[in-house]
Every structure is written in C-alpha cells, then in structure tokens.
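Below, each chain spelled out in residue letters.
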Amino acid sequence: MHKVIVRDLIIAQLCFFGCLSIAIMMTTIAFVDNNGLSYYAKTYPTSVPVGLGFFLCFFFLQRAASRLPVHNPPFDKLQQMLRLVAVFLLLVMLTPDSLSQLFQGIHMAVSTTLFYIEFIIAVWLTVKWHGGVVMWSLVVAMGLSGAVAFLSTIELMPYLAHSCLAYQLLFGVFLVLSTSKLIRGMEMTDSATKLVETM
C-alpha cells in the first residue's frame, strides 16, 4: 500500500511539473512580465501541455486519495484534503482569467483558496503528526514563497511566477514526504500490534 500511494503522489507531481516545464521552455514571458503560472494555461500553445499536466495531476491525486486507509486518523482528513487540492487545481485550469472580469475574480479566489488549503495541510500535518527540521523547513519556505506571491500580486515585487512555482514545488515535496512517513508509521504500528497479539 505504501509504495502504491507514494508512487501515485510522485507521478502526480512529475506530470504537473514536467508538463509545466515544457510550457516554460516554449516561453518565459510569465517570469518576465510578473504573470502567474496560470498564464501558461490561458494562451496557446502552452495551454496544451499545461492542461495535460493539470488533468494528469488531478487524476493521480484522486487515485492516491482513494487508496488511503480512511478509517485510521489522520488519513480520513488527509483524503478529504487531497481531494480538495485536486479539485481546486482543476478549477484553476478551468477558470482562465482572460475571459472576463468575472472569470478573473473567480480565478483569483480559486488560486488563493488552493494556496490556503495547501498551507493548512502542511501546518496541520507538521504540528499534529510529525515535526522535525526538514518538515518545518518546508513549511517555513512555503510561507515565505506565499508571502512573495502575495506581494507580487499587489505589484510590490516582480516574482509572481517564481514564487508560485517554488510554492507548488515545496508543497509537492512536502506531500510526498509526509504521506510516506505517515503510512510507514501506521504499518510499523500494525506490525508491532500483530507481533504482540501472537505472543
């Protein structure tokens, strides 16, 4: 179970960042003009690889969530949160801010909510289930990236795409590491329980 779930999470991240990298190789204008990463989703031809990356990431996140042992905490809540991340990630793709002011407002709301959900997941897992220097470092780095993204949104800094990319990358690493730790911990506990029962 451990390897299958972690593999799905890793594939989700590879699909997302791999397809995004293809779009960035096509043009780096989003990093020059202080646009967000969603720039690549609303312009052709970069929308093709980015759209594929978003949908594949959605699929593998949903599949990983469906395989979590939901009757054991914290996997029940983690499953719900993973599904939320997947849905909001897809909504970011499906609400291009270039269509109208209404879509621009919806897109901003969806993107901001996704940031908050991811940060809440990271803080919750770190505080309640496993701390440590590595996990806390990732959380702090996510917070700093989010702050830069906010300042760039209100045009006080010119690093919106850079900070969004860093934030999503940090969250992806955090998600894989934390989920792997949780599942291994549960498996070790189950093994110890079975060992005691046979004695």
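A quick note: this is a predicted structure, and the numbers were derived from the prediction, not measured.

So, the packing of aromatic side chains
Then, in step 1: In this structure the tally under the stated criterion is 5 aromatic pairs.
Then, in step 2: On the numbers, 5.0 Å between centres and 90° between planes, the contact of phenylalanine 16 with phenylalanine 17 is edge-to-face. As far as burial versus exposure is concerned, phenylalanine 16 and phenylalanine 17 are alike and both buried.
Then, in step 3: Arranged with centres 4.2 Å apart and planes meeting at 15°, the rings of phenylalanine 115 and tyrosine 167 form a pair that is stacked. Here tyrosine 167 lies in helix α8 (residues 160-198) and phenylalanine 115 lies in helix α6 (residues 101-128), a separation of 52 residues in the sequence.
Then, in step 4: These aromatic residues form a ring-pair network of at least three members: Phe16, Phe17 and Phe54.

Notes on the nonpolar core
Then, in step 1: By size, the foremost hydrophobic cluster in this structure holds 58 residues, and its most contacted members are Leu9, Tyr40, Val50, Leu61, Leu78, Leu82 and Ile121.
Then, in step 2: Contributions of two or more residues to this core are made by α1 (2-26), α2 (29-32), α3 (39-42), α4 (47-66), α5 (75-94), α6, α7 (133-153) and α8.
Then, in step 3: Counting residues per element, this core draws most heavily on α8, which supplies 11 residues.
Then, in step 4: The contact partners of leucine 82, leaving out residues within four places of it in the chain, are Leu9, Leu61, Ala65, Leu68 and Leu175.

Re the layout of surface pockets
Then, in step 1: Volume-wise, the largest pocket comes out at about 920 Å³.
Then, in step 2: Surrounding the largest pocket, 38 residues form its lining, Ser111, Phe115, Thr153, Leu160 and Cys164 being those nearest its centre.
Then, in step 3: Of all the elements in the fold, those that place two or more residues in the lining of the largest pocket are α1, α3, α4, α5, α6, α7 and α8.
Then, in step 4: Broken down by class, the residue content of the lining of the largest pocket amounts to 21 nonpolar, 13 polar and 4 charged.

Brief notes about the side chain of serine 152
Then, in step 1: Within the secondary structure layout, serine 152 lies in helix α7.
Then, in step 2: By relative accessible area, which is 1% here, serine 152 ends up buried.
Then, in step 3: Engagement of the side chain of serine 152 in a polar contact is seen with the backbone oxygen of valine 148, the distance being 2.8 Å.
Then, in step 4: Side-chain polar atoms of serine 152 contact the backbone nitrogen of tyrosine 159, separated by 3.1 Å.
Then, in step 5: The residues touching serine 152, leaving out its near neighbours within four places in the chain, are Asn34, Met157, Pro158, Tyr159 and Leu160.

Parameters and conventions
Counting from 1, residues in each chain are numbered in the order their sequence is written. It should be noted that, the model being predicted, local features are given only for residues of pLDDT at least 70 and side-chain atom pairs only at 80 or more, the latter also being counted only at that level, while totals for whole chains, interfaces and linings use all residues. To obtain the side-chain values, all non-hydrogen atoms of the structure were used and water was disregarded. A pair of aromatic rings is counted whenever rings of Phe, Tyr or Trp (Trp by its six-membered ring) have centres within 6.5 Å, and the orientation is called stacked for planes under 30 degrees apart, edge-to-face for over 60 and tilted otherwise. We call a residue buried when its accessible area falls under 20% of the maximum for its residue type, exposed when it is over 50%, and partly exposed in between, using a 1.4 Å probe and counting protein chains only. Labels follow the DSSP assignment, with helices taken as runs of H or I lasting at least four residues and strands as runs of E lasting at least two, numbered in each case from the N terminus. Residues belong to one nonpolar core when they are buried, are Ala, Val, Leu, Ile, Met, Phe, Trp, Tyr or Cys, and are joined through side-chain atoms within 4.5 Å. The contact rule is simple, with two residues in contact once any of their heavy atoms fall within 4.5 Å. Definitions used for this entry: grid spacing 1 Å over protein atoms alone; cavity, a set of points where a 1.4 Å probe fits but cannot get out; pocket, an open set with protein on both sides within 12 Å along at least 5 of 7 lines; lining residue, one with an atom within 4 Å of a point. Grid points are joined across faces, edges and corners, and a volume is the space filled by probe spheres set on the points. Charged residues are taken to be Asp, Glu, Lys and Arg, nonpolar residues to be Ala, Val, Leu, Ile, Met, Phe, Trp, Tyr, Cys and Pro, and polar residues to be all remaining types, Gly included. We call two N or O atoms a polar contact when they sit within 3.5 Å, provided that within protein one can donate a hydrogen and the other can accept it, with sequence-adjacent residues counted only if both atoms are side-chain atoms.

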